[in-house]
Amino acid sequence: MMRDDPVRRLPMALSSLVALSLAVLPLPTAIDAFRPDFLVLVVFYWSIESPRAGGLALAFFAGLALDVIRGVVLGQHALALTLMAAWATHLRLRLRVFSLVSQSLTIFAFLTGYQFILFWVDGATGNPVTAFSRWLAPVIGALLWPLLTGLLSRLHDR
Amino acid sequence: MAAFRNADASGRTSGLLLRCVLYCLMALGLIITDKRYDHLGEMRRFLSVVAYPVQVAVASPFQGWDWFRESVSTRENLQADKEKLEAALRIANFKLQRYEALEAESQRLRGLRSNTAAVAAHFLIGDIMHLDLDAFRERVLVDKGARDGVFVGQAVLDSGGVFGQVARVEQLTSEVILISDPTHEIPVQVNRNGLRTIAVGTGDTHLLKLPYLSTSADVVAGDLLVTSGLGGGFPAGYPVGTVSAVKRDPAQSLADVDVRPAAALDRTREVMFVWLDGEPGDTVPVVAAAAPASTAATANHTPAASHPQAASHAQPAPPTPPAQHAKPQHQGSPP
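Just so it is clear, the structure is predicted and the values come from calculations on it, not from any experiment. (Residues numbered from 1 in each chain as written. Chains lettered and ligands numbered in written order. Predicted model: local features only at pLDDT ≥ 70, side-chain atom pairs only at ≥ 80, totals over all residues.)

Asker: Which residues make up the overall build of chain B, and what values go with them?
Answerer: A tally of helices and strands in chain B yields nine helices and 12 strands. A total of 335 residues make up chain B; the buried ones form 28% of that total. For chain B, the proportion of contacts with a sequence separation of at least 24, taken over those separated by at least 6, is 61%. (Helix = DSSP H or I, 4+ residues; strand = E, 2+ residues; numbered from the N terminus. Buried ≥ 20, exposed ≤ 12 C-beta atoms within 10 Å, placed from the backbone. Contact = placed C-beta atoms within 7 Å.)

And the structure:
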């Protein structure tokens, strides 16, 4: 988990694709609001693990894919994801030596920032979503982080 | 931002700040172009074709399961279904017997007032794709798009009543915004007394609100709301919902009215796209140019008006000829 590997494109693309599918997988309405931002977590993981293999480009295009699939204003998720992935890349050396708990807390901060930028662009483009439950996704995402790193690092080491 | 410059401890992500700024400017540029100038239709359409395989891949297991369940259902089940459907068809036919006569009569009366209300002329059935677009917006993706002539703002119904309207059209799919979306409003009319108001979505698929009715408005629980056809987007007279509760607080000037939607917004799997009488663009001119057109309208209706009894029993041909059935096929999405 300590490498700055330049070529890790295949697992990166695969995991992003799976995460994108999870983002649109139909769930019952009752638990839909609890769905974590899978793709965002995956992008954070790769930003921290191997920023040279794609990093910001991955973040930008993953964001664009989310924009298209969710049908919101083009560039919204791209902006939020790029900014937060840049922040994660910036902090990656520290993040790698953090304990899982502190990592999760940092990821929570990233996810909240991501959600806040979405919230802001939503408001600025004239269709605000003020539902409180949108702030649940960062909590769930942060709780899911240890599981995801375990899973992805296995994929990574193969 | 200064913090980013200190980041290059390893020297490996030098230019992180530069790249970040570059991508952010690109994203901001996209947001502004998309929002302000609406020039990105082509690009969005292209990207959506790229995203289509993902959407299909996610949706297909669910469609496969539906297909599997349908194909293994037993003979008894099919028999029971058939009997149920036949019973429903009998009832529907009973109701339909008077329909043509009533429609002709209503057309005639409207013609006398030189008021041409939009009537649904042509339907296209679409399947809802099993995808969650956004947890906080009530939208669904339907497998009919610009290729099938679907256009933005088109009314969408299901078997129970009004479902929503088309918000975005791609080549193969279209996004339908439900009447329960918090940003959606639909002009309605109380069927009992013709009271007009606007029904607003709440974000809950089982609840609409009528926020613009005063406490003295004549509306009671159980009232049926139908589309009023005002605004031109929806055909008139289709059920939107029933009033489920009316709360009147004497301290407030407006009543708090809850409406249960007539359409099965969270359960339906097939929806109908509706083309109104004539093209979407020319319903408005017809109303606006009512005075010059009224000679034609009355010429059409005078014979019927002079023999109202005969006309209502004679089952006259619908005043709108079948030519319009061909029309919608040529409609693309508006530019």
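Having seen the structure, we can now continue with the description.
Asker: Break down the overall build of chain A for me, with residues and values.
Answerer: The secondary structure content of chain A amounts to eight helices and zero strands. Secondary structure elements of chain A, listed N to C terminal, follow the sequence α-α-α-α-α-α-α-α. Within chain A, the fraction of its 158 residues that count as buried is 47%.

Asker: Can you explain the sheet that holds strand 11 (residues 256–261) of chain B? Please cite residues and give values.
Answerer: The strands making up a sheet associate through backbone hydrogen bonding, with each pair oriented either parallel or antiparallel. All names here are of chain B. Taken in spatial order, the six strands of this closed barrel run 6-7-8-11-10-9, and their pairing is antiparallel. For this sheet, the mean angle separating the axes of adjacent strands, direction not counted, is 40 degrees. Pairing analysis gives three bridges linking strand 8 (residues 208–210) to strand 11, with the strands arranged antiparallel. By the bridge assignment, Leu210 is partnered in strand 11 with Val257. (Pairing = 2+ DSSP bridges. Axes fitted to C-alpha atoms, helices over the stretch in contact; angles between N-to-C directions.)

Asker: Account for the interface of chain B and chain A, naming residues and giving values.
Answerer: The partner chain A presents 39 residues to the 41 residues of chain B that form the contact. For the side of chain B that touches chain A, the secondary-structure elements that each account for two or more residues are helix 2 (16–37) and helix 3 (41–71) of chain B. For the side of chain B that touches chain A, the leading source of residues is helix 2 of chain B, giving 11 residues. Classifying every residue of the side of chain B that touches chain A gives 22 nonpolar, seven polar and 12 charged. (Nonpolar A, V, L, I, M, F, W, Y, C, P; charged D, E, K, R; others polar.)

Asker: I'd love a proper account of the pairing of strand 9 (residues 224–227) of chain B, names of residues and values included.
Answerer: Looking down a regular strand, the side chains alternate between one sheet face and the other. Residue and element names in this part refer to chain B. Looking at chain direction, strand 6 (residues 185–190) and strand 9 are connected through three bridges and run antiparallel. Following the sheet pairing, Val188 is matched in strand 9 by Thr227. Note that strand 9 and strand 10 (residues 239–247) share three bridges and pair antiparallel. Each bridged residue has a counterpart across the sheet, and for Val226 the counterpart in strand 10 is Pro239.

Asker: Report on helix 4 (residues 75–97) of chain B, specifying residues and quantitative values.
Answerer: Here helix 4 of chain B is 23 residues long and its end C-alpha atoms lie 32 Å apart, about the 33 Å a rise of 1.5 Å per residue gives. The element helix 4 of chain B is barely covered by neighbouring structure, given that only zero of its 23 residues are classed as buried. (Expected span 1.5 Å × (residues − 1).)

Asker: So what's going on with the packing of helix 1 (residues 9–24) of chain A against helix 3 (residues 38–49) of chain A? Residues and values would help.
Answerer: Residues and elements named next belong to chain A. Two numbers describe how helix 1 lies on helix 3: the axes approach to 7 Å, and their chain directions differ by 160 degrees. Taken together, the axes of helix 1 and helix 3 are roughly antiparallel relative to one another. Seen from helix 1, the contacting residues are Met12, Ser15, Ser16, Ala19, Leu20, Leu22 and Ala23; seen from helix 3, they are Phe38, Leu39, Val42 and Trp46. A per-class count over the contact of helix 1 with helix 3 returns nine nonpolar, two polar and no charged. (Parallel < 35°, antiparallel > 145°, perpendicular 65-115°, else oblique.)

Asker: Explain helix 2 of chain B to me, using residue names and the numbers behind them.
Answerer: Residue and element names in this part refer to chain B. Taking 1.5 Å of rise per residue, the 22 residues of helix 2 would be expected to cover 32 Å, and the 31 Å separating its terminal C-alpha atoms lies within 8% of that figure. Looking only at helix 2, the buried set comprises Leu16, Cys20, Tyr23, Ala27, Leu30, Ile31 and Asp34. Down the axis of helix 2, the buried side of the element spans an arc of 95 degrees, and every buried residue falls inside it. Residues of helix 2 that are exposed and angled more than 90 degrees away from the buried face: Leu18, Leu25, Arg36 and Tyr37. (Arc of directions from axis to C-beta.)

Asker: Summarise the nonpolar core; cite the residues concerned and give the values.
Answerer: Of all hydrophobic cores here, the largest spans 100 residues; its most connected members are Leu39(A), Val43(A), Phe44(A), Leu81(A), Phe163(B) and Val176(B). Setting aside anything within four residues of it in sequence, one finds Val176(B) in contact with Arg139(B), Val140(B), Val142(B), Val156(B), Phe163(B), Gly164(B), Gln165(B), Val166(B), Ala167(B) and Val271(B). (Core = buried A, V, L, I, M, F, W, Y, C linked by C-beta atoms within 7 Å.)

Asker: Quick one: what's the story with the environment of Val73(A), residue by residue and with numbers?
Answerer: Considering the arrangement of structural elements, one finds Val73(A) in the loop between helix 4 (56–70) and helix 5 (76–90). The exposure class assigned to Val73(A) is buried, which follows from the 22 C-beta atoms found within 10 Å. For Val73(A), the residues in contact, after removing those within four places along its chain, are Val121(A), Thr125(A), Ile31(B), Asp34(B) and Lys35(B).

Asker: Please set out the pairing of strand 6 of chain B residue by residue, giving values where relevant.
Answerer: Residues and elements named next belong to chain B. Judged from the five bridges that link them, strand 6 and strand 7 (residues 196–201) form a sheet pairing that is antiparallel. In the strand pairing of strand 7, Ile186 is matched with Ala199. Counted along the chain from strand 6 to the antiparallel partner strand 7, the turn is five residues long, and its residue Gly194 has a positive phi close to 80 degrees.

Asker: I'd like a rundown of the packing of helix 5 of chain A against helix 7 (residues 100–124) of chain A, residues and numbers included.
Answerer: Residues and elements named next belong to chain A. Across the interface, helix 5 lies against helix 7 with an axial gap of 9 Å and an inter-helix angle of 155 degrees. Classified by the angle their axes make, helix 5 and helix 7 are roughly antiparallel. Between helix 5 and helix 7 the crossing geometry is right-handed. The segment helix 5 lies against helix 7, with Gln76, His77, Leu79, Ala80, Leu81, Leu83, Met84, Trp87 and Ala88 engaging Phe110, Gly113, Tyr114, Ile117, Leu118 and Val121. (Left-handed = near helix turned anticlockwise from the far one by under 90°.)

Asker: Which residues make up the environment of Pro261(B), and what values go with them?
Answerer: All names here are of chain B. Position of Pro261 relative to the elements: it lies in strand 11. Under the C-beta neighbour-count criterion, Pro261 is labelled buried, with 28 such atoms within 10 Å. It is 8.1 Å that separates the C-alpha atoms of Pro261 and Ser180, two residues lying 81 residues apart in sequence. Discounting residues that sit within four places of it in the chain, Pro261 has contacts with Ile179, Ser180, Leu208, Val240 and Gly241.

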